[in-house]
Amino acid sequence: MSDDLISEQFARLLDGLPPDDPWPTLQESGFLDLLAEASLEEVFPLALVVGARARAPNVLDAMAKRLADPVPRALAATLAAGEMAGALEAVQALTVDYALTRRQFGREIGKFQAIQHQIAVLAQEVIAARIAAQAAFVGAPAEVSEHRAAAAKIRCNQAAVRGSAIAHAVHGAIGVSDEFVLHHYTRRLRALSLSHGGEAWWAAKLGDWALSEAQDFTSLARAL
Amino acid sequence: MLETLNLAAIPPEDEALREPVRAFLAERLAAVSAARRARTWMGYDADFTKALAEKGWVGLTLPQDYGGQARSPFARFVLIEELLAAGAPVAAHWIAERQSAPLILRYGTEEQKRRIVPAVCRGEAFFCIGMSEPNSGSDLASVRSRADRVDGGWKLSGTKIWTTYGHKAHFMIALVRTSGAPEDRNNGLSQFLIDLKAPGVTARPIRDLAGDEHFSEVHFDDAILPEDALLGQEGAGWEQVNAELAFERSGPERIYSSTVLVDAWLDYLRGRGNLTDAERVLAGRLLAELSALRNMSLSVTAMLAAGKSPVVEASVVKDLGTGFEQSIPTLIADHLAGEADGVVPAELLATVEYLGGMCPTFSLRGGTREILRGIIARGLGLR
Ligand SMILES: Cc1cc2nc3c(=O)[nH]c(=O)nc-3n(C[C@H](O)[C@H](O)[C@H](O)COP(=O)(O)OP(=O)(O)OC[C@H]3O[C@@H](n4cnc5c(N)ncnc54)[C@H](O)[C@@H]3O)c2cc1C
């Protein structure tokens, strides 16, 4: 099956889960055992799918625990980065959509340059987070690189802070109402930011490596 | 539309270019100070360009028929990454190679191509960009320089400003009005390939805050240009200048302007030892940011290699990349400020000081942050 088909099937599974007890259905699906067979390249689209669903159960954690318990921090952080990238993509879509429909001063707020520029920055952060996460989804899950995980988690955490702030600013008051979906994403982004090592923790680790290697800055980036 | 940027790898045959380039640069730049190298693509050295051209490294992606090497955009990525990371003085040929020659190949006559492009690849024909004017910066369509038809050619008058190495280049590609009035905006504009030795052309360097003279003011005082100075179609200047800007913006040079400083700082810390956690955290953050930007830039390179025109995506990389380059001098300076007097090497301080002063230009040259965000917003369907 192609990657696209697998992630479509996975998305359908998540969307059809019984809300009260999703786990038996997930277990039957076989997806929870995926990390034992699949490469991280194959898992990346699935992490995005989880992130794009505001109320998905912690599927990635469950997958990781089946591989190793306790889950190595580098793997957990990598999976979190992928999920964060998916959530940020959903946040961007929501925000663009809202800017094109909400009207003030007789026009869509997305017509104001100040709003356009904020959303342009949001889009940049989303792209950076996605590619940073993707760069960590390399090889076998059991052998995930600690330095790649660090770079991914650092960049996704930065994007989560900057991107969530912009999304909330553009949404105005409705963005913090319980009924509106945005806060489910931004809450999850905050939770994932603080899970499996925050930005400073990973940055100290990555910086320690960078300073112990006798390599120039660009070569270090290539070596990640 | 804004496309998703996916990870792209440099093909091995292009990656293979890296070692010879590094070896060449290590030798050529051994005696050049970090503060000087921090000028990177503002540093002008015609001898360096000549030596690079002899290696076949000027015009790497241009067709072999016109003196180039017909290599892929990935090969150019590798070359440029190494040149900029090392802080090589590439200004002499930079513009000619990046945008003028590709533009001439796209819109020029066969005669113009034969006359100019091989000379660019030999490192002998240097170009400058004639877009900005005293009253036309971001609002490029408002240019007032004007060329009128005269017997056997064109008569040009007006002023271009901030023209990088306009006082040293051999040629300029200028956007000027050939019909109508400034109110006609993007209608009635044309591009000219101007030999800067023509009578009536004068160029005066403008000193920058660091004391360098890279940009200049170029006057056209009824300069007479031959018939074949017209580049492309009369009246198609707006479309053509946008193609030129796409060449200008899509390369990887918008993320490496402060790399020389980062390397000088990392070397200083390695020599000093006793690292603090704050230093480790900053080093790690910068590396994570560079890594993401580099992967984004490679993804844009892959789009170029696939024959696409990634205008919006390149604007994303440029805006984010210049923000990164600009953040570095302040962050590193703040760390160095905690060191005891007399401990930090003078060369590192001079590098911080130079970039601290000049880094605001990173997000001006080639189109400001606001212009780029407008392009991205259009790509998102907001405009
Ligand atoms: C080092 C350097 C080298 C350069 N080299 C060249 C060169 O070789 N050739 C050349 O032609 N030019 C060159 N330039 C000029 C450069 O292209 C211009 O500086 C740039 O286009 C901005 O124009 P401006 O400086 O006139 O600023 P302005 O256009 O006057 O802008 C001033 C401020 O207003 C903002 N602004 C303007 N319009 C809008 C708008 N519609 N919405 C929101 N904000 C807006 C800008 O973003 C900016 O923040 C160079 C500049 C530098 C700094």
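Each value, and the rule that gives it
- Residues numbered from 1 in each chain as written.
- Chains lettered and ligands numbered in written order.
- Predicted model: local features only at pLDDT ≥ 70, side-chain atom pairs only at ≥ 80, totals over all residues.
- Heavy atoms only, no water.
- Helix = DSSP H or I, 4+ residues; strand = E, 2+ residues; numbered from the N terminus.
- Rg over C-alpha atoms; globule rule 2.2 N^0.38 Å.
- Buried < 20%, exposed > 50% of the residue type's maximum accessible area, 1.4 Å probe, protein only.
- Contact = heavy atoms within 4.5 Å.
- Areas by Shrake-Rupley, 256 points an atom, 1.4 Å probe, with all protein chains shown as cover.
- Polar contact = N/O pair within 3.5 Å; in protein donor to acceptor, adjacent residues only side chain to side chain.
- Buried area = accessible area lost by both parts, 1.4 Å probe.
- Salt bridge = Lys/Arg side-chain N within 4 Å of Asp/Glu carboxyl O.
- Nonpolar A, V, L, I, M, F, W, Y, C, P; charged D, E, K, R; others polar.
- Core = buried A, V, L, I, M, F, W, Y, C linked by side-chain atoms within 4.5 Å.
- Domains from an automatic or database assignment.
- Near = heavy atom within 4 Å.
- 1 Å grid on protein atoms, 1.4 Å probe; cavity = no way out; pocket = protein on both sides within 12 Å on 5 of 7 lines; lining within 4 Å.
- Points joined across faces, edges and corners; volume = space filled by probe spheres on them.
- Arc of directions from axis to C-beta.
- Axes fitted to C-alpha atoms, helices over the stretch in contact; angles between N-to-C directions.
- Left-handed = near helix turned anticlockwise from the far one by under 90°.
- Parallel < 35°, antiparallel > 145°, perpendicular 65-115°, else oblique.
- Patch = residues over 30% accessible without salt bridge, like charges linked within 9 Å, V, L, I, M, F, W, Y side chains within 5 Å.
- Lys, Arg positive; Asp, Glu negative; His and termini not counted.
- Charge placed at Lys NZ, Arg CZ, Asp CG, Glu CD.

Participant: Help me understand the overall build of chain A in this model?
Facilitator: Assigned secondary structure in chain A consists of eleven helices and two strands. Here the C-alpha radius of gyration of chain A, 18 Å, is about what a compact globule of 224 residues would show, namely 17 Å. Taking all 224 residues of chain A together, the buried fraction comes to 54%. Put simply, of all contacts in chain A between residues at least 6 apart along the chain, 73% involve residues at least 24 apart. Total accessible area on chain A is roughly 9400 Å²; 52% of this is exposed by carbon and sulfur atoms.

Participant: Explain the side chain of R280 of chain B to me, please; I cannot follow it from the model alone.
Facilitator: Relative to the assigned elements, R280 of chain B resides in helix α10 (residues 277-305). Looking at R280 of chain B, its side chain comes within polar contact range of the side chain of D277 of chain B, at 3.1 Å. In this view, R280 of chain B contacts A203, A204, G207, D208 and L211 of chain A together with L275 of chain B; residues no more than four positions away in its chain are not counted.

Participant: Would you explain the interface of chain A and chain B in this entry?
Facilitator: Often, the extent of an interface is quoted as the loss of accessible area upon association of its parts. Taken together, the contacts link 45 residues of chain A with 50 residues of chain B. For the chain A and chain B pair, buried surface summed over both sides reaches about 4000 Å², with 69% attributable to carbon and sulfur atoms. For the pair chain A and chain B, the interface holds four salt bridges. Across the pair E199 of chain A and R285 of chain B runs a salt bridge whose closest N-O atoms are separated by 2.5 Å. Here chain A and chain B share 16 residue pairs in polar contact (both at pLDDT 80 or more) between them. The residue inventory of the side of chain A that touches chain B, partitioned by class, reads 25 nonpolar, eleven polar and nine charged.

Participant: Even after reading the chapter, I still don't get the nonpolar core, so can you show me in this structure?
Facilitator: It is characteristic of soluble globular proteins that their nonpolar side chains tend to be buried jointly. With 158 residues, the main nonpolar core has F10 of chain A together with M296 of chain B as its most contacted residues. Counting only domains with at least three residues in this core, you end up with domain 1 (12-125) and domain 3 (250-379) of chain B. In this view, F10 of chain A contacts F31, L46, V49, V50, V59 and M63 of chain A; residues no more than four positions away in its chain are not counted. Within the second largest apolar cluster, 29 residues are counted, among which are L103, V117, L175 and L231 of chain B.

Participant: Just checking my understanding: could you explain the site of the ligand for this structure?
Facilitator: Taken together, 16 residues lie near the ligand, and S132, S138, W162, T368 and E370 of chain B sit nearest. Each of chains A and B places residues next to the ligand. Between M131 of chain B and the ligand, the recorded distance is 3.0 Å, taken from a backbone N or O atom to an oxygen atom. Between the ligand and the protein, one listed contact pairs an oxygen atom with a side-chain N or O atom of T368 of chain B at 2.7 Å. Per-element accounting of the shell around the ligand gives the leading share, three residues, to strand β3 (residues 153-164) of chain B. When residues are assigned to domains, the shell around the ligand turns out to be shared by domain 2 (128-235) and domain 3 (250-379) of chain B, each giving three or more.

Participant: Is there a simple way to think about the layout of surface pockets in this case?
Facilitator: Residue and element names in this part refer to chain B. If you add up the space inside the second largest pocket, you get close to 580 Å³. Considering the residues around the second largest pocket, the lining is formed by 23 residues, among which T61, P102, F247, S250 and L304 are closest to the centre. For the lining of the second largest pocket, the element with the highest residue contribution is helix α6 (residues 91-107), accounting for five residues. Mapping the lining of the second largest pocket onto the domain boundaries places at least three of its residues in each of domain 1 (12-125) and domain 3 (250-379).

Participant: Help me understand helix α2 (residues 18-28) of chain B, please; the structure alone is not making it clear to me.
Facilitator: Given 3.6 residues to a turn, an α-helix orients residues that are three or four positions apart in the same direction. All names here are of chain B. Taken together, the buried positions of α2 are R18, V21, F24 and L25. For α2, the arc enclosing every buried residue in end-on projection is 135 degrees, short of the 170-degree limit, so these residues lie on one face. Along α2, the residues that are exposed and aim more than 90 degrees away from the buried face are E19, A26 and E27.

Participant: Quick question: what am I supposed to make of the pattern of salt bridges here?
Facilitator: By the definition in use, this model includes 42 salt bridges over all chains. D15 of chain A is paired through a salt bridge with R53 of chain A; the nearest N and O atoms lie 2.7 Å apart. Taken together, the positions of D15 of chain A in helix α1 (residues 3-15) and R53 of chain A in the loop between α4 (40-51) and α5 (59-67) put the pair 38 residues apart, joining distant regions of the chain. For R53 of chain A, a relative accessible area of 24% corresponds to the partly exposed category. The closest approach of N and O atoms between R280 of chain B and D277 of chain B, which form a salt bridge, is 3.1 Å. Here D277 of chain B and R280 of chain B lie together in helix α10, a separation of three residues that amounts to about one turn. One network of salt bridges, with partners in common, ties together D216 and R222 of chain A together with E15, R18, R22, E81, E82 and R294 of chain B.

Participant: Would you take a moment to explain the packing of helix α9 (residues 259-272) of chain B against α10 of chain B for this structure?
Facilitator: Relative placement of two packed helices is described by the angle separating their axes and the distance separating the axes. Residue and element names in this part refer to chain B. The interhelical angle for the contact between α9 and α10, taken along N-to-C directions, is 150 degrees, at an axis separation of 12 Å. Between α9 and α10 the crossing geometry is left-handed. Between α9 and α10, the contacting residues are V262, W265, L266, L269 and R272 on the first element and E279, L282, A283 and L286 on the second. By residue class, the composition of the contact of α9 with α10 is seven nonpolar, no polar and two charged.

Participant: Would you mind showing me how to read the domain arrangement of chain B here?
Facilitator: Residues and elements named next belong to chain B. As assigned here, chain B comprises domain 1 (12-125), domain 2 (128-235) and domain 3 (250-379). When domain 1 packs against domain 2, the two sides together hide about 1500 Å² of surface, and 64% of this comes from carbon and sulfur. In this structure, the connection of domain 1 to domain 2 is made through two salt bridges. Its salt-bridge partner being D228, residue R115 comes within 3.9 Å of it at the nearest N-O pair. Our count for the domain 1 to domain 2 interface comes out at five residue pairs in polar contact (both at pLDDT 80 or more). Residue assignment for the side of domain 1 that touches domain 2 shows that the elements contributing at least two residues are α6 and α7 (110-121). For the side of domain 1 that touches domain 2, the element with the highest residue contribution is α6, accounting for eight residues.

Participant: Just checking my understanding: could you explain the environment of A101 of chain B for this structure?
Facilitator: Residues and elements named next belong to chain B. Along the chain, A101 falls in helix α6. Residues A101 and H170, 69 residues apart in the sequence, show an inter-C-alpha distance of 13 Å. The contact partners of A101, leaving out residues within four places of it in the chain, are L62, A96, V117 and V120.

Participant: In this structure, what is going on with the packing of α6 of chain B against α7 of chain B? I would like to understand it.
Facilitator: All names here are of chain B. Between α6 and α7, the shortest axis-to-axis distance is 10 Å and the interhelical angle comes to 160 degrees. With respect to each other, α6 and α7 are oriented roughly antiparallel. Like other packed secondary-structure pairs, α6 and α7 cross with a definite hand, here left-handed. Contacts between α6 and α7 involve A96, E97, A101, I104 and L105 from the first element and Q112, K113, I116, V117 and V120 from the second.

Participant: What is the right way to read a negative patch on the surface from this model?
Facilitator: Residues and elements named next belong to chain A. Together, D3, D4, E8, E41 and E42 make up a region of like negative charge exposed at the surface. Among the secondary structure elements, those contributing two or more residues to the negative patch are α1 and α4. Structurally, E8 can be placed in helix α1. The class for E8 is partly exposed, based on a relative accessible area of 46%.

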